Amino acid sequence: MLVHIEEVKVALHDDKTKLIDARDYERYSGQKDEVDPQAGHIPGADHYFWGTS
């Protein structure tokens, strides 16, 4: 799902919404990121790798 950054900012303050970062742990933690200009996750986002079953 793709949302606009303003929707994410609002959702971070809503207790009924959970933000999930599905990238691998190295990108989530900021250890390695060759794609995004700023490494790491959005503060408040939980990690759940998309490849986990």
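Residues numbered from 1 in each chain as written. Predicted model: local features only at pLDDT ≥ 70, side-chain atom pairs only at ≥ 80, totals over all residues. Heavy atoms only, no water.

(A) Broad picture of the pattern of salt bridges. Here the structure, examined in full by the defined rule, presents 6 salt bridges. Across the pair D46 and K18 runs a salt bridge, and its minimum N-O distance is 3.0 Å. Of this pair, D46 sits in strand 2 (residues 46–47) while K18 is found in the loop between helix 1 (5–11) and strand 1 (20–21), placing the two residues 28 residues apart along the sequence. Looking at D46, the relative accessible area reads 32%, which means it is partly exposed. Judged by its relative accessible area of 56%, K18 is exposed. The residue E26 makes a salt bridge to K32 at a minimum N-O spacing of 3.5 Å. (Salt bridge = Lys/Arg side-chain N within 4 Å of Asp/Glu carboxyl O. Helix = DSSP H or I, 4+ residues; strand = E, 2+ residues; numbered from the N terminus. Buried < 20%, exposed > 50% of the residue type's maximum accessible area, 1.4 Å probe, protein only.)

(B) Molecular detail of the packing of aromatic side chains. This model, assessed by the stated rule, comprises 2 aromatic pairs. Ring plane angle 40 degrees and centroid distance 6.0 Å describe the contact between Y25 and Y28, whose orientation is recorded as tilted. On the criterion of helical spacing, the pair formed by Y25 and Y28 is a turn pair, its members being 3 residues apart in helix 2 (residues 25–29). With relative accessibility at 47%, the residue Y25 sits in the partly exposed group. By relative accessible area, Y28 is classed as buried at 13%. (Phe/Tyr/Trp six-rings, centres within 6.5 Å; stacked < 30°, edge-to-face > 60°.)

(C) Spatial organisation of the environment of T17. Note that T17 resides in the loop between helix 1 and strand 1. Assessed through its relative accessible area of 38%, T17 is described here as partly exposed. Measuring from C-alpha to C-alpha, the distance between T17 and Q38 comes to 24 Å, with 21 residues separating the pair along the chain.

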